[in-house]
Amino acid sequence: MSTHLSAVIITHNAAAQLADCLNSLSFVDEIIILDSGSDDGTKDIAGLFNARFQHQEWLGYGPQKQKAVELASNDWVICLDADEQVSEKLAESIQDEMKNPELRAYQFPRCNRFMGRWLRHGEGYPDISLRLFDRTHAGWTDDLVHEAVKTNVPTGTLNGDLLHNSADSLHAYLEKQNRYTSLQAEKMYLAGKSSGTGKLLLNPFYRFIKFYFFRLGILDGIPGLVHILIGCQNTFFKYAKLKELHIRK
């Protein structure tokens, strides 16, 4: 007898992407959508797939996702964002494993689509993500950005990709990264970390060498180059904003 599985998704104005996400989840026993105030028809699309739709004012990425996990009827959950889809191969792997789970948490590769291209190297792949777990043994961190699932139990790896097909324009993507680096800098400041010329100059440089050459981002063409350069820029601005916080506070 297969283990019952809930899919949990957080949304905000996700109408343009949600249907593809939900279509890829036909194998789960229930879908929970925790929404933070959509006004674009997200709720209507959720209804078409018989998803349980609930509202929660925004708590930050980690707390919001953990709240969604707690709403599930089953202990086993798979967590997705609205712009992600479970590939057919990954769906098969999950169904096979849920027949008799040997572990309490599973991870799998995430493949990112950026500037019209599926990235297969660099920072864009394999982007291993732990998203399938028994919530009595794992849960989301309370980080407001760059949240992750934490667990103390062994983690298995499944075959197949989680597909991240963001509809963001480059302009919107950069705006999002600007918000992320501000949150990261604030977190580092509160943790007592410092910033100096060495980190501002060397960390972005080493990041570029690592992902563009050693992780073969060069094979992903212009989209791969842009993706890695934005990552390097994020590293620079994260430390620049941390330095500013020390100066101002």
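Nothing here was measured: the structure is a model prediction, and the numbers come from that model.

## Looking at helix 5 (residues 170-190)
Given 3.6 residues to a turn, an α-helix orients residues that are three or four positions apart in the same direction. Here helix 5 contains 21 residues, and its C-alpha end-to-end distance of 30 Å stays within 8% of the 30 Å for a straight helix at 1.5 Å per residue. Residues of helix 5 that are buried include every one of Tyr173, Gln177, Tyr180, Thr181, Gln184, Ala185 and Met188, and no others. For helix 5, the arc enclosing every buried residue in end-on projection is 140°, short of the 170-degree limit, so these residues lie on one face. Exposed residues pointing more than 90 degrees away from the buried face of helix 5 are listed as His171 and Leu190. The positive-phi residue at the C-terminal boundary of helix 5 is Gly192, with phi of around 80°.

## With respect to the sheet that holds strand 7 (residues 110-114)
If you walk across this open sheet you meet the four strands as 5-13-7-8, and the pairing is mixed. With partners counted over all chains shown, the strands left at the sheet margins are strand 5 (84-86) and strand 8 (117-118), one partner each. The pairing of strand 7 with strand 13 (residues 162-164) spans three bridges and is parallel. Opposite Arg110, over in strand 13, you have Leu162 as the bridge partner. Where helix 7 (residues 221-248) meets the sheet, it contacts strand 7 and strand 8, and its direction lies at approximately 100° from that of strand 7.

## Points about empty space enclosed by the protein
One water molecule sets the probe size; rolling that probe over the atoms shows where empty space is left. Throughout the structure, instances matching the rule amount to two cavities of 30 Å³ or more. When its volume is computed, the largest cavity comes out at roughly 50 Å³. Val8, Ile9, Ile10, Lys65, Ala68, Cys79, Leu80, Asp81, Arg131 and Trp140 together form the lining of the largest cavity. Elements supplying a minimum of two residues to the lining of the largest cavity: strand 1 (5-11), helix 3 (61-71) and strand 4 (76-81). By volume, the second largest cavity amounts to about 30 Å³. Residue lining of the second largest cavity: Leu119, His121, Gly122, Glu123, Gly124, Gly217, Asp220, Gly224, His227 and Ile228, and that is the complete set. Across the lining of the second largest cavity, the residue classes break down as two nonpolar, six polar and two charged.

## A few points about the nonpolar core
Formed by 30 residues in total, the largest nonpolar core has its most connected members in Leu25, Ile78, Val86, Ile94 and Leu132. Secondary structure elements with two or more residues in this core: strand 1, helix 1 (15-23), strand 2 (30-35), helix 2 (42-48), strand 4, helix 4 (88-98) and strand 6 (105-108). In this structure Ile94 touches Leu5, Phe27, Ile78, Val86, Leu132 and Leu158, once residues within four positions along its chain are discounted. Residues Val69, Leu71, Cys79 and Ala105 belong to the second largest nonpolar core, which totals 16 residues.

Criteria and thresholds
Residues numbered from 1 in each chain as written. Predicted model: local features only at pLDDT ≥ 70, side-chain atom pairs only at ≥ 80, totals over all residues. Heavy atoms only, no water. Helix = DSSP H or I, 4+ residues; strand = E, 2+ residues; numbered from the N terminus. Expected span 1.5 Å × (residues − 1). Buried < 20%, exposed > 50% of the residue type's maximum accessible area, 1.4 Å probe, protein only. Arc of directions from axis to C-beta. Pairing = 2+ DSSP bridges. Contact = heavy atoms within 4.5 Å. Axes fitted to C-alpha atoms, helices over the stretch in contact; angles between N-to-C directions. 1 Å grid on protein atoms, 1.4 Å probe; cavity = no way out; pocket = protein on both sides within 12 Å on 5 of 7 lines; lining within 4 Å. Points joined across faces, edges and corners; volume = space filled by probe spheres on them. Nonpolar A, V, L, I, M, F, W, Y, C, P; charged D, E, K, R; others polar. Core = buried A, V, L, I, M, F, W, Y, C linked by side-chain atoms within 4.5 Å.

Shape descriptors only; they carry no functional weight alone.
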